[in-house]
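Examination of the molecular architecture
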Amino acid sequence: SAVISQKPSRDICQRGTSLTIQCQVDSQVTMMFWYRQQPGQSLTLIATANQGSEATYESGFVIDKFPISRPNLTFSTLTVSNMSPEDSSIYLCSVGTSVYNEQFFGPGTRLTVL
Amino acid sequence: DAKTTQPPSMDCAEGRAANLPCNHSTISGNEYVYWYRQIHSQGPQYIIHGLKNNETNEMASLIITEDRKSSTLILPHATLRDTAVYYCIVRVDMRSGAGSYQLTFGKGTKLSVIP
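Here is a short report on the structure shown in this document.

Rules behind the numbers
- Residues numbered from 1 in each chain as written.
- Chains lettered and ligands numbered in written order.
- Predicted model: local features only at pLDDT ≥ 70, side-chain atom pairs only at ≥ 80, totals over all residues.
- Heavy atoms only, no water.
- Pairing = 2+ DSSP bridges.
- Helix = DSSP H or I, 4+ residues; strand = E, 2+ residues; numbered from the N terminus.
- Axes fitted to C-alpha atoms, helices over the stretch in contact; angles between N-to-C directions.
- Buried < 20%, exposed > 50% of the residue type's maximum accessible area, 1.4 Å probe, protein only.
- Contact = heavy atoms within 4.5 Å.
- Phe/Tyr/Trp six-rings, centres within 6.5 Å; stacked < 30°, edge-to-face > 60°.
- Buried area = accessible area lost by both parts, 1.4 Å probe.
- Salt bridge = Lys/Arg side-chain N within 4 Å of Asp/Glu carboxyl O.
- Nonpolar A, V, L, I, M, F, W, Y, C, P; charged D, E, K, R; others polar.

So, the sheet that holds strand S8 (residues 75-80) of chain A
All names here are of chain A. If you walk across this open sheet you meet the 4 strands as S1-S3-S8-S7, and the pairing is antiparallel. Among the strands making up the open sheet, the edge pair consists of strand S1 (4-7) and strand S7 (68-72). Strand-to-strand twist of the sheet, defined as the mean angle between neighbouring strand axes without regard to direction, takes the value 15°. Bridge count between S1 and strand S3 (residues 19-25): 4 bridges; the pairing is antiparallel.

Points about the side chain of Thr48(A)
All names here are of chain A. Checked against the element boundaries, Thr48 lands in strand S5 (residues 43-50). Note on Thr48: relative accessible area 14%, which makes it buried. Residues contacting Thr48, with those up to four places away along its chain left out, are Met32, Phe33, Ala55 and Thr56.

Digging into the packing of aromatic side chains
Residue and element names in this part refer to chain B. Under the defined criterion, the tally for this structure stands at 10 aromatic pairs over all chains. Relative to Tyr34, the ring of Tyr32 lies with its centre 6.4 Å away and its plane at 50°, an arrangement referred to as tilted. The exposure class assigned to Tyr32 is buried, which follows from its relative accessible area of 14%. Look at Tyr36 and Phe105: their rings are 6.3 Å apart centre to centre, the planes differ by 65°, and that puts the pair in the edge-to-face class. Of the two residues, Tyr36 sits in strand S3 (residues 31-38) while Phe105 sits in the loop between strand S8 (84-92) and strand S9 (109-114), which places them 69 residues apart along the sequence. Residue Phe105 is classed as buried on the basis of its relative accessible area, which comes to 8%.

Focus: the interface of chain A and chain B
At the interface, 21 residues of chain A touch 22 residues of chain B. Interface area for chain A against chain B, summed over the two sides, is near 1,600 Å², with a carbon-plus-sulfur share of 52%. Summed over the shared surface of chain A and chain B, the number is 0 salt bridges. Ranked by residue count, the leading element in the side of chain A that touches chain B is strand S4 (residues 31-37) of chain A, at 4 residues. Split by residue class, the side of chain A that touches chain B holds 9 nonpolar, 9 polar and 3 charged.

Focus on the pattern of salt bridges
All names here are of chain B. Going through the model one piece at a time under the given rule, you end up with 2 salt bridges over all chains. Of the charged contacts, one joins Arg37 and Asp82 as a salt bridge, the two residues approaching to 2.7 Å between their closest N and O atoms. Taken together, the residues span a long stretch of sequence, with Arg37 in strand S3 and Asp82 in the loop between strand S7 (70-75) and S8 at a distance of 45 residues. In this structure, Arg37 and Asp82 share a single accessibility class: buried.

Geometric values such as these leave the question of function open.
Have a look at this one:
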């Protein structure tokens, strides 16, 4: 299995600012995914980030709001830009590999925007 | 990906088997059935997956009907630590090169294990 860490684990931010969330994996993985989980809701996929290519965003999510970097096979960042209280959620990193046919999830970053 | 239908909540007595149903009547021939669970304030945890044969691992058993339109996740001896939201998801094999590997989460079943 893959072990995933995220930084920060939680943060409280002011409206209009930006936060960058880091996702580190203990092994090389092909696919990385970023999900959002709003309070009391299920997980929603934001984007898929494969190394060496531009991130693919799901409907309702745009690059200007959620820019993603994927510089290598073990690391990715998600930035939540120009935050508003509606961005208060848990943001989760997930990884996938064709070897395992399953996905592993990080512990999440709990974001509160005031 | 095919959609799934799960009951919103279930209770199970500690030590008894928990049987969580899932309907996936529009599943395609190349789609697997996956089960994940999310314990409060944690990231989802993979449990088990299968294509058409029944599967068992150290956590659970997965029973898939012959027509593949429904399945049941079985936790043989539920403990208080099994209290979580359980998600049934269908998706293509990530090793197939078939394209999208995203997991589409529904609302899941909130399982409460009662002492």
